[in-house]
Amino acid sequence: MKSTTVKVVSPNGFTGDTVNQLTNELSKFKTKIMLKYQGTTTIANSSLGVMSLGVPADATVQISVDGTPDDLQTVVDALVAGKFVTTL
């Protein structure tokens with residue numbers, strides 16, 4: 001798996017509507033995407049999984065993709081464009 005660390009820029013972190021929007025965006029990708037926060041990892045297109053992480057605004061999370069570095073960059077670019085995260 002390829003991974004990178006990003007910073008959450010959503011004003012309320014990954015909660016409520018933001019999680020629904022995030023998981024909808026990530027479900028468009030065919031590769032397996034994982035999010036890791038404070039030692040806990042979940043499948044990124046699972047709303048309940050992402051909510052269970054309790055990621056606040058300004059937190060750093062690790063995004064992993066079961067694919068190529070280009071796959072990872074495409075996912076990160078989509079999350080930056082959606083204003084969910086920013087790169088470090």
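Preceding this paragraph is the structure being described.
Residues numbered from 1 in each chain as written. Predicted model: local features only at pLDDT ≥ 70, side-chain atom pairs only at ≥ 80, totals over all residues. Heavy atoms only, no water.

Pairing within the open sheet is antiparallel, and its five strands lie in the order S3-S2-S4-S1-S5. Each of the sheet's edge strands pairs with one partner strand only, and the pair in question is strand S3 (40-43) and strand S5 (85-87). Neighbour-to-neighbour, the strand axes of this sheet turn through a mean angle of 35°, independent of strand direction. Bridge count for strand S2 (residues 33-37) against strand S4 (residues 60-65) is four bridges, and the pairing is antiparallel. Looking across to S4, one finds that Leu 35 is bridged to Ile 63. Running at roughly 135° to S4, helix H3 (residues 69-81) makes contact with strand S1 (2-8), S2, S4 and S5 of the sheet. (Pairing = 2+ DSSP bridges. Helix = DSSP H or I, 4+ residues; strand = E, 2+ residues; numbered from the N terminus. Axes fitted to C-alpha atoms, helices over the stretch in contact; angles between N-to-C directions. Contact = heavy atoms within 4.5 Å.)

Here we come to the nonpolar core. Phe 14, Leu 22, Leu 35, Val 55, Ile 63 and Leu 79 are the most contacted members of the largest nonpolar core, which has 23 residues in total. Of all the elements in the fold, those that place two or more residues in this core are S1, helix H1 (16-26), S2, helix H2 (47-53), S4 and H3. Of the residues forming this core, the biggest block, four residues, is contributed by H3. The residues touching Leu 79, leaving out its near neighbours within four places in the chain, are Leu 22, Leu 26, Ile 63, Phe 84 and Val 85. (Core = buried A, V, L, I, M, F, W, Y, C linked by side-chain atoms within 4.5 Å. Buried < 20%, exposed > 50% of the residue type's maximum accessible area, 1.4 Å probe, protein only.)

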